[in-house]
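Okay, here's what each chain looks like letter by letter:
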Amino acid sequence: MSSASPGFELPLRLLLAFRGLIDELHAELGRQGHPDIRPMHGFVMQAIGPRGTTAVDLGHTLGVTKQAAGKTIETLERLGYVERTRDPEDTRRKIVRLTPHGMDALARSAQIFDELRARWSVTLGEDRLQALESDLRKVTPANLWRLDAPGWFGTL
């Protein structure tokens, strides 16, 4: 069976679309007061979540070593996106939590992604965009928040 496009084009087009969205997101985040945040930081902050986590659990979630997670935590802490606190249930453990600055970055990211989706809707048409999203749901895992991409791509 012959296809109109070579098989390798599909993953490259998906990657280019992802990269375009992420680059636009970060340009806008920079304009909105978050110039130092990087694409991998978004994965990390999503994995930390609103309740916080430990460096060990963060490493497991992201598919990286505790040391790699720790380095990224240090960077995000220096930039003011996370803080380390004692676990109230076990004072030997340190919990990494998002700061208000980190929560602001995530909230702005969500809003910007909505705006980017709206632009795609104008370009492609809402029906086609919904069909694309539906088709992607059929060929991707149900777990939308599978956050081990940093470990899959390489180290943080």
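Residues numbered from 1 in each chain as written. Predicted model: local features only at pLDDT ≥ 70, side-chain atom pairs only at ≥ 80, totals over all residues. Heavy atoms only, no water.

> Can you lay out the overall build of the chain for me, pointing to particular residues and giving the numbers?
Looking only at helices and strands, one finds seven helices and two strands in the chain. Within the chain, counting contacts between residues at least 6 apart in sequence, those at least 24 apart form 54% of the total. A total of about 10,600 Å² of accessible surface is found on the chain, and carbon and sulfur atoms cover 56% of it. (Helix = DSSP H or I, 4+ residues; strand = E, 2+ residues; numbered from the N terminus. Contact = heavy atoms within 4.5 Å. Areas by Shrake-Rupley, 256 points an atom, 1.4 Å probe, with all protein chains shown as cover.)

> How would you summarise the pattern of salt bridges if you had to cite specific residues and measurements?
Under the definition given, this model contains 11 salt bridges. Bridged by salt links that share partners, the residues Arg117, Glu126 and Glu133 form one connected network. (Salt bridge = Lys/Arg side-chain N within 4 Å of Asp/Glu carboxyl O.)

> Describe in detail the pairing of strand S2 (residues 90–98), supporting the description with residues and values.
Of the pairings in the sheet, the one linking strand S1 (residues 82–87) to S2 comprises six bridges and is antiparallel in character. By the bridge assignment for S2, Thr85 is matched with Ile95. Linkage of S1 to S2, two consecutive antiparallel strands, is achieved through a turn of two residues. (Pairing = 2+ DSSP bridges.)

> Please give an account of the side chain of Ser109 that cites residues and values.
Along the chain, Ser109 falls in helix H5 (residues 100–124). Residue class for Ser109 comes out buried when judged on its relative accessible area of 11%. At 2.8 Å, the side chain of Ser109 forms a polar contact with the backbone oxygen of Ala105. (Buried < 20%, exposed > 50% of the residue type's maximum accessible area, 1.4 Å probe, protein only. Polar contact = N/O pair within 3.5 Å; in protein donor to acceptor, adjacent residues only side chain to side chain.)

> Run through the nonpolar core, naming residues and quoting values.
Generally speaking, a soluble globular protein has its nonpolar side chains buried in company with each other. Of all hydrophobic cores here, the largest spans 23 residues; its most connected members are Met45, Ile48, Leu58, Tyr81 and Val82. Elements represented by at least two residues in this core include exactly helix H1 (9–31), helix H2 (39–48), helix H3 (55–62), helix H4 (66–78), S2 and H5. If we ignore the near neighbours within four places in the chain, the residues touching Tyr81 are His34, Ile37, Met45, Leu76, Arg97, Leu98, Thr99, His101, Gly102 and Ala105. (Core = buried A, V, L, I, M, F, W, Y, C linked by side-chain atoms within 4.5 Å.)

> Can you lay out H2 for me, pointing to particular residues and giving the numbers?
Restricting attention to buried positions, one finds in H2 the residues His41, Val44, Met45, Ala47 and Ile48. Projected onto a plane normal to the axis of H2, the buried residues spread over an arc of 160° and lie on a single side. At its buried positions, H2 is contacted by H3, H4, S1, S2 and H5. Positioned one or two residues after H2, Gly49 has a phi angle of 65°, which is positive. (Arc of directions from axis to C-beta.)

> Go over H4 with me, naming the residues and quoting the values.
Counted at 1.5 Å a residue, the expected span for H4 with its 13 residues is 18 Å, and the 18 Å between its end C-alpha atoms agrees. Buried residues along H4 sit against H2, H3, S1 and S2. Gly80 occupies a position one or two residues after H4 and carries a positive phi of about 90°. (Expected span 1.5 Å × (residues − 1).)

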